[in-house]
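So you can see what is in the structure, the chains are spelled out below.
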Number of protein chains: 2
Amino acid sequence: MIKADERREEIAEYVIKLGQVRIDDLVEHFGVSRMTIHRHIDRLAQQGVLRKLHGAVTVQPSGLYESAFRYRVTVNRAEKDTLARAALDYVEAGQVVMLDDSSTANAVATLLLDVKPLTVITNSVATASLLTNVDDIDFICLGGKYHGTYNAYIGIVCENAVAQLRANVLICSASAITGTTAFIQDPNVVRVKQAMMAASVKRILLVDHAKFDRIALHVFDDLTSFDAVLTTEGLGDAQAQHLERAGVKLRIVKTTAQ
Amino acid sequence: MIKADERREEIAEYVIKLGQVRIDDLVEHFGVSRMTIHRHIDRLAQQGVLRKLHGAVTVQPSGLYESAFRYRVTVNRAEKDTLARAALDYVEAGQVVMLDDSSTANAVATLLLDVKPLTVITNSVATASLLTNVDDIDFICLGGKYHGTYNAYIGIVCENAVAQLRANVLICSASAITGTTAFIQDPNVVRVKQAMMAASVKRILLVDHAKFDRIALHVFDDLTSFDAVLTTEGLGDAQAQHLERAGVKLRIVKTTAQ
DNA sequence: CATATTGACGTTAAATTCACATCGCTATAT
DNA sequence: ATATAGCGATGTGAATTTAACGTCAATATG
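The structure contained in this document is the topic of the report that follows. What you are looking at is a predicted structure, and each value in this text was computed from that prediction instead of being measured.

This next bit is on the protein's contact with DNA strand C. Around DNA strand C sit 18 residues, and of these A:Met35, A:Lys52, A:Gly55, B:Lys52 and B:Gly55 come closest. A breakdown of the atoms of DNA strand C within 4 Å of the protein gives sugar and phosphate a share of 76%. Here a phosphate oxygen of DNA strand C and a side-chain polar atom of A:Lys52 are 2.8 Å apart. The contact in question runs from a phosphate oxygen of DNA strand C to an N or O atom on the side chain of B:His38, over 3.2 Å. Secondary-structure elements contributing two or more residues to the surface near DNA strand C are helix 2 (23–30) and helix 3 (34–46) of chain A together with helix 3 (34–46) of chain B. Here the residues of the surface near DNA strand C are counted per class, giving six nonpolar, six polar and six charged.

Here's what the structure looks like:
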């Protein structure tokens, strides 16, 4: 288990060093079976470190080191993946999808690689580097002032850019939920997200259950504004019923053992 | 897929070396069918590396292939560095600097890391990843539709973003120069660059001498619109004098042996 | 008109996935 | 202490999918 993680890290470093490597080279270099290499790079690709081609793997275009070592940090990855997979139900090929700068939305982006063709819009740098140079995905980056804390572009430039666009569906997250209100910590981020809400026909909110009964500094929006609020198991039945009575389109996604 | 990539690279090198090659020669030289050669060069032409004639292929006449990211030749690296170093004379700490998506401007960005504090604006993905998370550099990314050929964001979203900003100095490049006119291959790129011109107080153009006496599809601007036009040694004296008489603020930068 | 180019289709070779077997380790019960 | 059940990582070979290329007919070009 630890050994596999280390092996993956070795593979990632090797690929990052060479930029692009053939699968057979990896097989030879690491002296394991082709199947094992596939399993490793599948996982690395899912984490957004590498990209799988046919017969070869490449590194993600930008943010190399960062993403190379980010895959260790993976907080709540299983829950994020679960939510992300469920979010795919709201996306169809050919649509315009807007993603915010949350790590949950980034998880959705990795899955969107299989829902082509698609136009994707985001202000997240991590998501941007996932989606550049993907065939059959038109990618539009929302510019703005770079903010390292969020690894995203925000500010008035970003808000104005959003206002010029329209998406079929917005997939986003929030910092905290209390009652039927979603909160965000940073006021500038709130403005960007609100602009995204206004620019999207359908709006999906992804929040793991741990975000409930907590507050953050700024009000983002009411849960009833969303066409679906997806959360993970662990929300009390009473609370779930209360939300549904208040008109929230709640959907509790069961964690799928995979 | 990887094999085809390598084959395409071979073809590109072969054509670049010979300048112009007949399709049948490629068929014979690589020992594959005519259809396959066509498919390869179609893709290379789409990437802007080659140009298709009837029965033959040539290299893209305007040096566009330099910016096709995979084929960005490192031959002119020294000249770009020379120009970039000279461009630093026009930047002071504390200013707002705008950079276009040229590889020359990207070279400037690497040097800007030592001129802090600074605010930098660009639409180049390569430059963006250079400047994120640098202390004392405020970075603003110009969003827009991602274009893999230039590895940059362009389009109307980008133009509008530029229009919201003002920079002390713009540092940019062009595809080709004829007389006192600077050209760019892609019309959408032209619009972004023109917006950048309008948004900057001072404008600096960096072009190596090989760009002179060549044309590209679209007019960018007149050389007299720039506050300085920097180029490398190799421009004829007569031509230099002619440009200066026409009012171009020309500066020929000597290559520093380093 | 001759030749170049494109498009549709089939073939082949290769890569990838899938189902299943094995191995090694750990935890737990006897 | 030993046995053994469980889990994860790995390997194997067949089945499936995908990419690359060639052929030929239809179309476009000079």
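Residues and elements named next belong to chain A. With the rule as written, the count across this model stands at 18 salt bridges over all chains. Its salt-bridge partner being Arg 34, residue Asp 24 comes within 2.5 Å of it at the nearest N-O pair. Placement of Asp 24 in helix 2 and of Arg 34 in helix 3 is noted, with a sequence separation of 10 residues between them. For Asp 24, a relative accessible area of 42% translates into the label partly exposed. Across the pair Arg 191 and Glu 159 runs a salt bridge, and its minimum N-O distance is 3.4 Å. Here Arg 191 is found in helix 9 (residues 187–198), whereas its partner Glu 159 is found in helix 8 (residues 156–163), with 32 residues between them in sequence. Of the residues examined, Glu 159 reaches a relative accessible area of 16% and is grouped as buried. The network of salt bridges with shared partners includes Asp 100, Asp 101 and Lys 193.

Cut-offs and rules
Residues numbered from 1 in each chain as written. Chains lettered and ligands numbered in written order. Predicted model: local features only at pLDDT ≥ 70, side-chain atom pairs only at ≥ 80, totals over all residues. Heavy atoms only, no water. Near = heavy atom within 4 Å. Polar contact = N/O pair within 3.5 Å; in protein donor to acceptor, adjacent residues only side chain to side chain. Helix = DSSP H or I, 4+ residues; strand = E, 2+ residues; numbered from the N terminus. Nonpolar A, V, L, I, M, F, W, Y, C, P; charged D, E, K, R; others polar. Salt bridge = Lys/Arg side-chain N within 4 Å of Asp/Glu carboxyl O. Buried < 20%, exposed > 50% of the residue type's maximum accessible area, 1.4 Å probe, protein only.

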